[in-house]
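Commentary on secondary and tertiary structure
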Amino acid sequence: MDKGTAGRYRVVRQDRAIRTRKLILEGMAGLFNEVGYDAATIAALVERTGLTRGALYFHFASKEDMARAVLDEAVTQEGLRPQAFKLQEWVDLGLLLAHRVPREPILRAAIRLAVDPKARRLFGTRWPDWVAIGHGLLTKAKESGELLAHADPAAVSRSVVGAWTGIQLVTEVLEEKLDLSEEIAGLYQLLLPSIVTPVVLAKLDVSPYRAERLLREGGPAGRDGEADGGRQEPPGHG
């Protein structure tokens, strides 16, 4: 086998391994969402994915390792792009997550694990990471004069992470067919006037359709676009 062929073979194997790992994580995430951490089993995962136990254990040593991997993927900034205002980037984080959580079982499972007492005791949560990311963006916004004088970046970040999580959990179980993106956009519409300077507030986009546009325009790289802090919505939404 020549070097070129060997290199292509390695790439094919790596791609296959990545796809298999994703299949395993999404399968176990689905089980976490449906039956909870305790009741999710390797036997059920084998049945769901069609993989052998050997294939599963090649990637993950145990159910516990799978839970940790799900949580590791929870802190994602996919779709986030540089904006004219740091506050817009902070809002975009919440809008992007609201758009993705209903569509991505791994993200939903990370929240499910965080509110499961046993799983939280074993693995912790990623809420501190989200609080830290928000704190960083809000601190930069405060330094740029985007926040009102009384707004404390740490307190605002903690409060919004808690409120965001509560809205997601409530929206998921109510009989009404509520859209998480619309509910989170409503959260920002209620909150922002009390912490943002009027000039900046008028230029922020909190549309529930914004995340969809960011993901479409930004592509897989996530942060490859130009600054854009204005109010824009995708065609067909108004």
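**Examining the overall build of the protein**
Each helix and strand counted, the protein has 12 helices and zero strands in total. Its helices and strands taken in sequence order, the protein reads α-α-α-α-α-α-α-α-α-α-α-α from the N to the C terminus. For the protein, with 238 residues in total, the buried portion stands at 44%. Sequence separation of at least 24 residues holds for 70% of the intrachain contacts in the protein that already meet a minimum separation of 6. For the protein, the exposed area adds up to about 12,400 Å²; of that, 55% sits on carbon and sulfur atoms.

**Regarding a nonpolar patch on the surface**
A surface patch of nonpolar side chains, amounting to about 320 Å² of accessible area, comprises Val170, Val173, Leu174 and Leu178. Note that valine 170 resides in helix H9 (residues 153–173).

**Thoughts on the packing of aromatic side chains**
Scanning the model with the defined rule gives three aromatic pairs in all. Judged by centre distance (5.5 Å) and plane angle (75°), the rings of tyrosine 37 and phenylalanine 123 are edge-to-face. You can see tyrosine 37 sitting in the loop between helix H1 (3–35) and helix H2 (42–49) and its partner phenylalanine 123 sitting in helix H7 (residues 117–123), a full 86 residues away along the chain. The same class applies to tyrosine 37 as to phenylalanine 123, namely buried. Between the NZ or CZ atom of lysine 63 and the centre of the ring of tyrosine 37, over which it lies, the distance is 4.3 Å.

Each value, and the rule that gives it
Residues numbered from 1 in each chain as written. Predicted model: local features only at pLDDT ≥ 70, side-chain atom pairs only at ≥ 80, totals over all residues. Heavy atoms only, no water. Helix = DSSP H or I, 4+ residues; strand = E, 2+ residues; numbered from the N terminus. Buried < 20%, exposed > 50% of the residue type's maximum accessible area, 1.4 Å probe, protein only. Contact = heavy atoms within 4.5 Å. Areas by Shrake-Rupley, 256 points an atom, 1.4 Å probe, with all protein chains shown as cover. Patch = residues over 30% accessible without salt bridge, like charges linked within 9 Å, V, L, I, M, F, W, Y side chains within 5 Å. Salt bridge = Lys/Arg side-chain N within 4 Å of Asp/Glu carboxyl O. Phe/Tyr/Trp six-rings, centres within 6.5 Å; stacked < 30°, edge-to-face > 60°. Lys NZ or Arg CZ within 6 Å of the ring centre and 35° of its normal.

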